[in-house]
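A structural walkthrough
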Amino acid sequence: RLQHQSEVESNARSYPRRIPLELRRAEGIHVQDSEGRWFIDCLAGAGTLALGHNHPVVLQAIRGLLDGKRPLHTLDLMTEAKDEFINELFACLPAEFARDARIQFCGPAGTDAVEAALKLVRTATGRSQMLAFHGAYHGMTQGALSLMGSLGPKQYLDGMISGVQMLPYPYGYRCPFGLGGAEGERVGLHYIENQLGDPESGVLPAAGMILETVQGEGGVIAPSADWLRGIRRITREAGVPLILDEVQCGIGRTGRLFAFEHAGITPDVLVLSKAIGGSLPLAVVVYHKDLDRWQPGAHAGTFRGNQMAMAAGAATLRLIREERLDQHAAAMGERLCAHLQALQARYPQIGEVRGRGLMLGVEIVDPQGRADAMGRAPHNRALASAVQQQCLRRGLILEVGGRHSSVLRLLPPLIITAAQVDQVADIFASALDAAVN
Ligand code: PMP
């Protein structure tokens, strides 16, 4: 037996390197390591654990399936668990989207659902070119990687699917047009509309456009409702199916059940994973029936929709919808955001506090460094990492992300209480202070 099994694990995975804990127990928003220390988990499986760890309704749903009689594997055949999951998910979706929607189980990870969405729009349109966004994260398989904006070491390799056009995402704080705010978004939309409308741009005809309704790994960037509505109008007018990747921002996290609801739009294809499986692996695409032009068997797979994940997921979705945990997330997000903004007023090292609901990011900068043309101080990756480590010492797990690994990302379970939010903010404040001084 190896002394430290973690020493033989590949360096390709970043979480275990930055958060070198051996977890022993998990309950609610907390985890305990093998030395008995408890931590608040504001990573929560990168937003997977909407109900926190070991929520009783999730455990009950899984146990209900383990009576030794029900099927645990069915090769995607219909079961009671699957039926119930579909019903719960469709009850969460806006009625105008659910009415004409088809669902396809993919599996088991978010990246599998992205691949299915990509193949779906290419099959339905007979085109191959895709439109994607700078700073995007869609997964680690070849197709998903090709759709990903450059994110440091995660960036895509050469020779992936061809014909992907990268477009500017409305990252106002470091606006690619040097404008920021509503003006930067307006110019960005204008640019995209021109690209799609100009036959000389080499962009048309595209099989689809894919974007995260709120960018997560790319640094927690939430476009305005106007920008999203603009994207919906442009894609509709150009006849390009719009794929919204809500793998991370969906299911209540942003304060609405789906982040696109903030803009009052609906996608043509919706990609979901993470929280929908109630902590177990599950991924689906939900899309307009007009796109359902697969040949029978065109997208098969052995592990499609694990039965336990469907049961856990159905229970999770029901609880989120019935207890209005989306609204709770909105209120708790506002509270946490206010704490972080108060810190921003005291520390020039905080460039921006942003996000939506319980999907928050704090961009760490170097106030002594040379400002860019917009007057923004440079990214401060080293300090972001130091704050993360200081948080860890004080019992708070959070992740760093963003295009330059300078954004501290907070994604606590949606069940977090006001007192716990205050505790997270206190730890964060003390960690920031220690890292800065
Ligand atoms: N899309 C988004 C928006 C994500 O955040 C992620 C995972 N962080 C994925 C897709 C890929 O999901 P998975 O890691 O389960 O493959």
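This structure is a prediction, so every number in the text was calculated from the model and none was measured. (Residues numbered from 1 in each chain as written. Predicted model: local features only at pLDDT ≥ 70, side-chain atom pairs only at ≥ 80, totals over all residues.)

**So, the packing of helix α3 (residues 56–65) against helix α10 (residues 307–322)**
- Interaxial distance between α3 and α10 falls to 8 Å at its minimum, and their mutual angle equals 145°. In this structure, α3 crosses over α10, and the sense of that crossing is right-handed. Along the contact surface, α3 presents Val 57, Val 58, Ala 61, Ile 62, Gly 64 and Leu 65, while α10 presents Gln 307, Met 308, Ala 311, Ala 312, Ala 314, Ala 315, Thr 316 and Leu 319.
- In terms of residue class, the contact of α3 with α10 is made up of 11 nonpolar, three polar and no charged. (Axes fitted to C-alpha atoms, helices over the stretch in contact; angles between N-to-C directions. Helix = DSSP H or I, 4+ residues; strand = E, 2+ residues; numbered from the N terminus. Left-handed = near helix turned anticlockwise from the far one by under 90°. Contact = placed C-beta atoms within 7 Å. Nonpolar A, V, L, I, M, F, W, Y, C, P; charged D, E, K, R; others polar.)

**Here's the deal with the domain arrangement of the protein**
- With domains assigned, the protein is organised as domain 1 (5–53 + 324–436) and domain 2 (62–322).
- Taking only C-alpha atoms, the centre of domain 1 and the centre of domain 2 are 25 Å apart.
- Contact residues are listed per partner, giving 33 residues for domain 1 and 33 residues for domain 2.
- Those elements that place two or more of their residues in the side of domain 1 that touches domain 2 are α2 (44–47), α11 (325–346), β11 (350–356), β12 (359–364) and β15 (407–410). (Domains from an automatic or database assignment.)

**Focus on the nonpolar core**
- Grouped together as the largest cluster of nonpolar side chains are 130 residues, with contacts concentrated most on Cys 42, Ala 113, Ala 117, Val 269, Val 271, Val 285 and Leu 396.
- Ranked by the residues each element gives to this core, the list is headed by α10, at 10 residues.
- Two domains share this core, each providing at least three of its residues, namely domain 1 (5–53 + 324–436) and domain 2 (62–322).
- The contacts of Leu 396, once residues within four sequence positions are left out, are Phe 39, Ile 40, Cys 42, Cys 391, Val 424, Ile 427 and Phe 428. (Core = buried A, V, L, I, M, F, W, Y, C linked by C-beta atoms within 7 Å. Buried ≥ 20, exposed ≤ 12 C-beta atoms within 10 Å, placed from the backbone.)

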